[in-house]
Amino acid sequence: MQTVTLNNGVEMPILGFGVFQIPGEQTERAVADALAAGYRLLDTAAAYGNEEAVGQAVRSSGIPREELFVTTKLWVQDGPAQENTKRAFETSLAKLGLEYLDLYLMHQPFGDVYAQWRAMEDLHRQGLTRAIGVANFYPDRLLDLIINNEVTPAVNQIETHPFFQRTADQELMREHGVQIQSWGGFAEGKNDIFTHPVLSGIGKTHGKSVAQVVLRWLTQRDVVAIPKSVRPERMAENIDVFDFALTDDQMAAIATLDTGTSLFFDHHDPAMVNWLSARRLES
Ligand SMILES: NC(=O)c1ccc[n+]([C@@H]2O[C@H](COP(=O)([O-])OP(=O)(O)OC[C@H]3O[C@@H](n4cnc5c(N)ncnc54)[C@H](OP(=O)(O)O)[C@@H]3O)[C@@H](O)[C@H]2O)c1
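Remember, it's a predicted structure, so these values are computed and weren't measured experimentally.

Thresholds applied
Residues numbered from 1 in each chain as written. Predicted model: local features only at pLDDT ≥ 70, side-chain atom pairs only at ≥ 80, totals over all residues. Heavy atoms only, no water. Helix = DSSP H or I, 4+ residues; strand = E, 2+ residues; numbered from the N terminus. Rg over C-alpha atoms; globule rule 2.2 N^0.38 Å. Contact = heavy atoms within 4.5 Å. Areas by Shrake-Rupley, 256 points an atom, 1.4 Å probe, with all protein chains shown as cover. Buried < 20%, exposed > 50% of the residue type's maximum accessible area, 1.4 Å probe, protein only. Polar contact = N/O pair within 3.5 Å; in protein donor to acceptor, adjacent residues only side chain to side chain. Axes fitted to C-alpha atoms, helices over the stretch in contact; angles between N-to-C directions. Left-handed = near helix turned anticlockwise from the far one by under 90°. Nonpolar A, V, L, I, M, F, W, Y, C, P; charged D, E, K, R; others polar. 1 Å grid on protein atoms, 1.4 Å probe; cavity = no way out; pocket = protein on both sides within 12 Å on 5 of 7 lines; lining within 4 Å. Points joined across faces, edges and corners; volume = space filled by probe spheres on them. Core = buried A, V, L, I, M, F, W, Y, C linked by side-chain atoms within 4.5 Å. Pairing = 2+ DSSP bridges. Right-handed = clockwise from strand over helix to strand, strands pointing away. Phe/Tyr/Trp six-rings, centres within 6.5 Å; stacked < 30°, edge-to-face > 60°. Lys NZ or Arg CZ within 6 Å of the ring centre and 35° of its normal.

### Focus: the overall build of the protein
And then number 1: When helices and strands are tallied, the protein shows eleven helices and ten strands.
And then number 2: Here the protein has a C-alpha radius of gyration of 18 Å; the compact-globule value for 283 residues is 19 Å, and the two agree.
And then number 3: Counting only C-alpha atoms, the protein reaches 55 × 40 × 35 Å along its principal axes.
And then number 4: Here the analysis covers contacts within the protein between residues at least 6 apart in sequence; of these, 74% occur between residues at least 24 apart.
And then number 5: Taken as a whole, the protein presents about 12,000 Å² of accessible surface, with 50% of it coming from carbon and sulfur.

### Looking at the side chain of glutamine 212
And then number 1: You can see glutamine 212 is positioned in helix 8 (residues 210–220).
And then number 2: Since its relative accessible area comes to 7%, glutamine 212 is described here as buried.
And then number 3: A polar contact is formed between the side chain of glutamine 212 and the backbone oxygen of aspartate 240, at a distance of 3.4 Å.
And then number 4: With sequence-adjacent residues up to four places away left out, glutamine 212 is seen in contact with Glu237, Asp240, Val241 and Phe244.

### Some details on the packing of helix 1 (residues 24–37) against helix 2 (residues 51–61)
And then number 1: The contact between helix 1 and helix 2 brings their axes to 8 Å, and the two run at 35°. Helix 1 and helix 2 meet at a crossing whose hand is right-handed. From helix 1, Gly24, Thr27, Glu28, Val31, Ala32 and Leu35 reach across to helix 2, where they touch Ala53, Val54, Gln56, Ala57, Val58, Ser60 and Ser61.
And then number 2: A class-by-class count of the residues in the contact of helix 1 with helix 2 yields seven nonpolar, five polar and one charged.

### A look at empty space enclosed by the protein
And then number 1: Inspection of every chain in the model, using the stated rule, returns one cavity of 30 Å³ or more.
And then number 2: Roughly 40 Å³ of internal volume is contained in the largest cavity.
And then number 3: Lining the largest cavity are Asn136, Tyr138, Ile158, Glu159, Arg166, Trp183, Phe265 and His267.

### Brief notes about the nonpolar core
And then number 1: Residues Leu6, Met12, Phe17 and Tyr104 are the most contacted members of the largest nonpolar core, which totals 80 residues.
And then number 2: Counting residues per element, this core draws most heavily on helix 8, which supplies seven residues.
And then number 3: Leucine 6 has contacts with Met12, Phe69, Ala131, Ala154, Val155 and Gln179, leaving out every residue within four places of it along the chain.
And then number 4: Formed by six residues, the second largest nonpolar core is a distinct cluster that contains Ala47, Val76, Phe110 and Met272.

### A closer look at the pairing of strand 7 (residues 129–135)
And then number 1: Where burial is concerned, most of strand 7 is hidden: six out of the seven residues are buried.
And then number 2: Note that strand 6 (residues 101–106) and strand 7 share five bridges and pair parallel. Paired with methionine 106 across the two strands is valine 134, which belongs to strand 7.
And then number 3: Two strands pair when backbone bridges link them, and strand 7 and strand 8 (residues 155–159) are joined in this way by two bridges, in the parallel orientation. Looking at strand 8, one finds that alanine 135 is bridged to glutamine 157.
And then number 4: Handedness of the β-α-β unit built from strand 7, helix 5 (residues 139–147) and strand 8 comes out right-handed.

### Things to note about the packing of aromatic side chains
And then number 1: In this structure the tally under the stated criterion is six aromatic pairs.
And then number 2: With a centroid separation of 5.3 Å and an interplanar angle of 65°, the aromatic rings of tryptophan 183 and phenylalanine 264 are classed as edge-to-face. Separated by 81 residues along the polypeptide, tryptophan 183 in strand 9 (residues 179–183) and phenylalanine 264 in the loop between helix 10 (248–255) and helix 11 (270–278) bring together distant segments of the chain.
And then number 3: With relative accessibility at 14%, the residue tryptophan 183 sits in the buried group.
And then number 4: Residue classification places phenylalanine 264 among the partly exposed residues on the basis of a relative accessible area of 24%.
And then number 5: Grouped by ring-pair contacts, the aromatic residues Trp183, Phe264 and Phe265 constitute a single cluster.
And then number 6: We note lysine 190 situated over the ring of phenylalanine 264; from NZ or CZ to the ring centre the distance is 4.9 Å.
And then number 7: One residue, arginine 279, lies across the ring of tryptophan 75, its end atom 5.4 Å from the ring centre.

### Quick notes on the environment of glutamine 220
And then number 1: With respect to the secondary-structure elements, glutamine 220 resides in helix 8.
And then number 2: Spatially, the C-alpha atom of glutamine 220 lies 7.7 Å from that of alanine 245, the residues being 25 residues apart in sequence.
And then number 3: The residues touching glutamine 220, leaving out its near neighbours within four places in the chain, are Ala245, Leu246 and Met251.

This is the structure we're talking about:
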């Protein structure tokens, strides 16, 4: 598996497996199937409610811990954020049954972000997580966090797919040494992506599916991708993207699909800030 090198030297697979919206009772099977298909990067979150099942599948797999790259995410904390962040981390680590994480991400740019980030810096310094990063940070918030803290996020996991390509955001991240990671690489199927004429036309020239074209397009742009599927045949399809390359013309054709806006939600919309901030997890 191809890797990217994060700003602290840690190597991360360029393609992994996401488990958002997989119910707890299905997650162990799905992760076991993904590991059998060859995935080594697993992406979960406290908010997904399936960390225990991910941990169970990891343990049952017998794969040496150092061959895996496990990410989980901190949900928005209230109260004394520094203390609560450490407690939330311990809860996630215990649920996963791991001794350390490879990547711990702040899931949303909300709450007492600075206290949360400083607690994450401490966890990193203690060797409890090999890298720390953020998710859903737009360039303004990301830059502010970088300027005013010691550790620059290793990763920013953001909505990135053919209809919202984030090329300018990626450029800013590149300038500051932050690795872009795509969530919702298939736009969760929106805009009929899997039958899109431009993407399927390109796929036909390579004997590849739309899903494979999208994952190839992301990884060819040096974007780390974490497609989700509960079906073993799709897991195998989604990891089989390293034996072909898109031409410059094909990359240019995909570039025309960018709408420049989210298909999911706007983190600048006050109603969305309210909605995400109102959600609290028990830890
Ligand atoms: N940081 C954040 O705020 C955030 C937000 C969202 C997601 N994420 C992460 O990013 C990961 C990926 O995003 P996502 O799960 O939202 O959506 P996604 O990967 O864009 O799309 C998943 C959908 O595509 C289908 N699919 C997968 N492979 C396919 C294929 N080869 N052909 C046809 N359909 C296929 C899946 O169905 P089946 O399962 O039935 O195959 C599922 O409905 C998540 O699992 C999570 O780890 C992070």
